[in-house]
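Breakdown of the fold
Chain by chain, the residues:
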Amino acid sequence: MEGKDRKNNFAPGHNACPGCGAAIGVRQIMRAAGENIIVVSPTGCLETFSSPYGGSAWEVPWVHPLFENAPAVATGIKAALKHQGNEETRVLVIGGDGATYDIGMGSLSGMLEREDEILYICYDNEGYMNTGIQRSSATPYGAKTSTTPIGVCSFGESCRKKDLLEIARAHHIKYAASGTIAYPQDLMKKVKKGLATKGPAFIHLLTPCSLGWGIEPEATIEFSKLAVETALFPLVEYENGELVNIFIPKKIKPVDEYLKKQKRYTHLFSKENAGVLAEIQEMADANSRKYGFRQ
Amino acid sequence: MRNALIKKKEVMQGSIAVAEAVKSARPGVIAAYPITPQTYIIEHLATLIANGELKSRYVRADSEFSAASIVYGSVAAGERSYTASSSQGLLLMTEVIFNMAGTRLPVVITGVNRSISPPINIQNDHQDTMVLRDSGIIQLYVENIQEAVDTHIQIFKIAEDKEVLLPAMVCMDGFVISHTYEPVTIWKDEAVQEFLPPFSPVYKTDPQNPLTYGSLTDDDKVTEFKYMTNEALVKSKKKIIAVAREFQEIFGNHYGDLLQEYRTEDAEIILVAMGTVISTIKVAVDALRKNGKKVGVIKVRSYRPFPDEELRTALSKCRLAVVVDKSYSCSSGGILGSEIKACLYNQRGPSIINYIAGIGGREIFPETIKDMVVKSEKLAESGKIPDGSVFFDLNKQLLNNQLL
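Remember, it's a predicted structure, so these values are computed and weren't measured experimentally.

Moving on, we come to the interface of chain A and chain B. At the interface, 36 residues of chain A touch 35 residues of chain B. For the pair chain A and chain B, the summed buried surface comes to about 2,700 Å²; carbon and sulfur atoms form 62% of the total. Remark: the boundary between chain A and chain B carries one salt bridge. In this structure, the connection of chain A to chain B is made through 13 residue pairs in polar contact (both at pLDDT 80 or more). Those elements that place two or more of their residues in the side of chain A that touches chain B are strand 1 (37-40), helix 2 (45-50), strand 2 (62-63), helix 3 (70-83) and helix 5 (105-113) of chain A. Looking at which element gives the most residues to the side of chain A that touches chain B, the answer is helix 3 of chain A, with nine residues. For the side of chain A that touches chain B, the per-class residue count stands at 16 nonpolar, 14 polar and six charged. Note: strand 2 of chain A against strand 9 (residues 212-213) of chain B, two bridges, orientation parallel. Counted as the bridge partner of W62 of chain A is T212 of chain B from strand 9 of chain B.

See the structure below:
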């Protein structure tokens, strides 16, 4: 793209780590989101690296309220716009997994239940990364974090990750999809659809974190692709409750290929944790069965 | 002139009258959560909207935390915004209220004062709103239903002033105001509209003029931001006074600037309190005066901003001040009492005795006040002014019960 088309309302020069999956994701989102939009972000990596006072990366109105209330703040903004008779300006929330899966879950549920046209995108890096890699309820089974350390009594995260997309869908919303940064055209298309939905819409966006996952900065795209190719993170799209699109990888790879190069999973490749690995493989297999992937 | 501005004058319940006042202020967005304790304020507003009498957007929130967050968003997007709560609900809103003040978003909130759990008790005291005192919110405490109505109309104008831009709360005693009936004057909508023009925000979330709200800020600037919020609250005193006087000129009612004094001119003993207990104290003062005691009372109308200079002046000539607190800070004492002591320290002022009373709805009668005055005088005469605050009328039998 050339000239004006290259303008992105998430401007360069922010403070994200090199290769940050969230920053790449937000660039893709904002390329699709257009000019007439108000963005709300809860506390999290994105807020930290995009809004240093005097150096905001945002060229659209952007509001960071608190950690747990971005969906409610977005609701209020939407209510004000409606009262002003403004049906054109879009409202978008971009929040991390901590704000979405954990502390803001009640607020998100309230937003999804009401019928306001708000798109909520959860950028999921699977933990509280900018505060020292603590576990969130998005941290996958078996992963090592600073609050799920490995030891004689621990193989890392012992709980299964919540199925966020199904939680969102359970609110009978008209649009729900998953995306990752390795498939930008797919993501941008979904963002446009989500913003055009007559009612609340939800996108679950996987954004690898080099720091928290223990991968090279240049590998965040590669790992988001591997998450899809191992069937651990299927790319799907639901409209009006119906599954309308599935990205079917040509060949499903074993989960080892995704896990073994991430330092957060190194401990799983020891004899005593073979069972944990098998359980993770079974989670991927269940996804393959659910979406009809050839294994 | 004043009669021409009256829409109706009838015996009304406090909550309903307050909802009518809020209606006349025409908020664009109202959000609320119906936790017990809530009041009829939010139900009556919902009815007014359902009937088409009020053109506001009413958002039914999933918690008080969300209710406060919704009006944070709507005022940021440029609409006059309102919510109400009590007790636990106000505690749940606390984090958002700090955020509103720091972001300079003038949401108006009714704080219907009720006790904090445990023990669970839905009756009146001031513990809930006093917890919010450090946030930067404006707090005006009211004595009766008419004052609650008139203060709601005033407070939007104060909060939304370009030099103020702070959240603001009318603190009104639960049950004593919210659920009781008194003759009330409701003003014509047009009269209120003339007094209170539409909200015209300095900043809003406008894609034509994009701004960043809630930046990450380093230690070299944070103090200055906090200082600015503090200064805005201090300076709001002038606006509170100006709006009270403008209201008086138009509507005829005045409840004091920041304080209201009653029979203090020659008073040797002055009682200080907030809210509905002021009416009770006035009755006691009249009775004590008949017996020759030179007693008066100061109502603290504006608790935040704190009327420090005004209190220093008002208390300068009496020999004894008796502060009646309906809230306390554990181990430190009555909150109003402690702050009055602090603002008189290093000054030539009266001795101060601070009583904690009326907790969890325990009735304060005129006799209770007379008792406080008599006991305080004896303590002062014998030179035994207590260092800390005193819980008044503790039930010793209950405290000695092994089951407690």
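Still more to cover.
Residues and elements named next belong to chain B. Evaluated as defined, the whole model comprises 37 salt bridges over all chains. Close ionic contact of K299 with E143 constitutes a salt bridge, the shortest N to O distance being 3.3 Å. You can see K299 sitting in strand 12 (residues 295-300) and its partner E143 sitting in the loop between strand 6 (138-141) and helix 6 (145-160), a full 156 residues away along the chain. Using a relative accessible area of 1% as the deciding quantity, one classes K299 as buried. Where E377 meets R319, a salt bridge forms, and the shortest distance between an N and an O atom there is 3.4 Å. Linking E377 in helix 12 (residues 366-381) with R319 in the loop between helix 10 (308-314) and strand 14 (320-325), this pair joins segments that are 58 residues apart in sequence. The exposure class assigned to E377 is buried, which follows from its relative accessible area of 12%.

Overall, mixed pairing links the nine strands, which are arranged 10(A)-9(A)-7(A)-8(A)-4(A)-3(A)-1(A)-2(A)-9(B) in an open sheet. Every interior strand has two partners, whereas the edge strands, strand 10 (242-246) of chain A together with strand 9 of chain B, have only one. Of the strand pairs in this sheet, strand 1 of chain A and strand 3 (residues 90-96) of chain A are connected by four bridges, and their pairing is parallel. By the bridge assignment, V39 of chain A is partnered in strand 3 of chain A with L92 of chain A.

The next thing to look at is the packing of aromatic side chains. Under the counting rule described, the total for this entry stands at 20 aromatic pairs over all chains. An angle of 50 degrees between the planes, with centres 6.2 Å apart, marks the rings of F223 of chain A and Y258 of chain A as tilted. Of this pair, F223 of chain A sits in helix 9 (residues 220-229) while Y258 of chain A is found in helix 10 (residues 255-259), placing the two residues 35 residues apart along the sequence. We classify F223 of chain A as buried; its relative accessible area is 3%. Exposure remark for Y258 of chain A: the relative accessible area of 4% places this residue in the buried category. With a centroid separation of 4.9 Å and 70 degrees between ring planes, the pair formed by Y355 of chain B and F392 of chain B is classed as edge-to-face. You can see Y355 of chain B sitting in strand 17 (residues 351-356) and its partner F392 of chain B sitting in the loop between strand 18 (390-391) and helix 13 (396-400), a full 37 residues away along the chain. Taken as a pair, Y355 of chain B and F392 of chain B share a single burial class, namely buried. Clustering of aromatic rings is evident, with ring pairs tying together F10, F49, W58 and W62 of chain A. The ring of F195 of chain B carries K157 of chain B above its face, with NZ or CZ at 4.4 Å from the centroid. Over the ring of Y262 of chain B we find K282 of chain B, and its NZ or CZ is 5.6 Å from the ring centre.

Attention now goes to the domain arrangement of chain B. Residues and elements named next belong to chain B. Segmenting chain B into domains produces domain 1 (3-251) and domain 2 (259-400). Listed by partner, the interface residues are 28 residues for domain 1 and 30 residues for domain 2. Between domain 1 and domain 2, roughly 2,300 Å² of surface is buried when both sides are summed, and carbon and sulfur atoms account for 51% of that area. On the domain 1 side of the contact with domain 2, R133, E143 and K237 bury the most area, a combined 29% of that side's loss.

Residue and element names in this part refer to chain A. For the pair helix 1 (residues 21-33) and helix 7 (residues 184-196), interaxial distance at closest approach is 8 Å and the crossing angle is 50 degrees. By the criterion of interaxial angle, the relationship of helix 1 to helix 7 is oblique. Handedness of the helix 1/helix 7 crossing: right-handed. Side by side, helix 1 and helix 7 meet where G25, Q28, I29, R31, A32 and A33 of the first sit next to P184, L187, M188, V191, K192 and L195 of the second. Per-class residue counts for the contact of helix 1 with helix 7 are eight nonpolar, two polar and two charged.

Right, let's get into the state of the cysteines. Each disulfide consists of a covalent bond between the sulfur atoms of two cysteine residues. Tallying each qualifying case throughout the model produces zero disulfides over all chains. No disulfide involves C209 of chain A; its sulfur sits 6.3 Å from the nearest other cysteine sulfur, which is in C45 of chain A. Judged by relative accessible area, which is 12%, C209 of chain A ranks as buried. For C343 of chain B, which is in no disulfide, the shortest distance to another cysteine sulfur is to C318 of chain B and amounts to 12 Å.

How each quantity is defined
Residues numbered from 1 in each chain as written. Chains lettered and ligands numbered in written order. Predicted model: local features only at pLDDT ≥ 70, side-chain atom pairs only at ≥ 80, totals over all residues. Heavy atoms only, no water. Contact = heavy atoms within 4.5 Å. Buried area = accessible area lost by both parts, 1.4 Å probe. Salt bridge = Lys/Arg side-chain N within 4 Å of Asp/Glu carboxyl O. Polar contact = N/O pair within 3.5 Å; in protein donor to acceptor, adjacent residues only side chain to side chain. Helix = DSSP H or I, 4+ residues; strand = E, 2+ residues; numbered from the N terminus. Nonpolar A, V, L, I, M, F, W, Y, C, P; charged D, E, K, R; others polar. Pairing = 2+ DSSP bridges. Buried < 20%, exposed > 50% of the residue type's maximum accessible area, 1.4 Å probe, protein only. Phe/Tyr/Trp six-rings, centres within 6.5 Å; stacked < 30°, edge-to-face > 60°. Lys NZ or Arg CZ within 6 Å of the ring centre and 35° of its normal. Domains from an automatic or database assignment. Axes fitted to C-alpha atoms, helices over the stretch in contact; angles between N-to-C directions. Parallel < 35°, antiparallel > 145°, perpendicular 65-115°, else oblique. Left-handed = near helix turned anticlockwise from the far one by under 90°. Disulfide = S-S within 2.5 Å.

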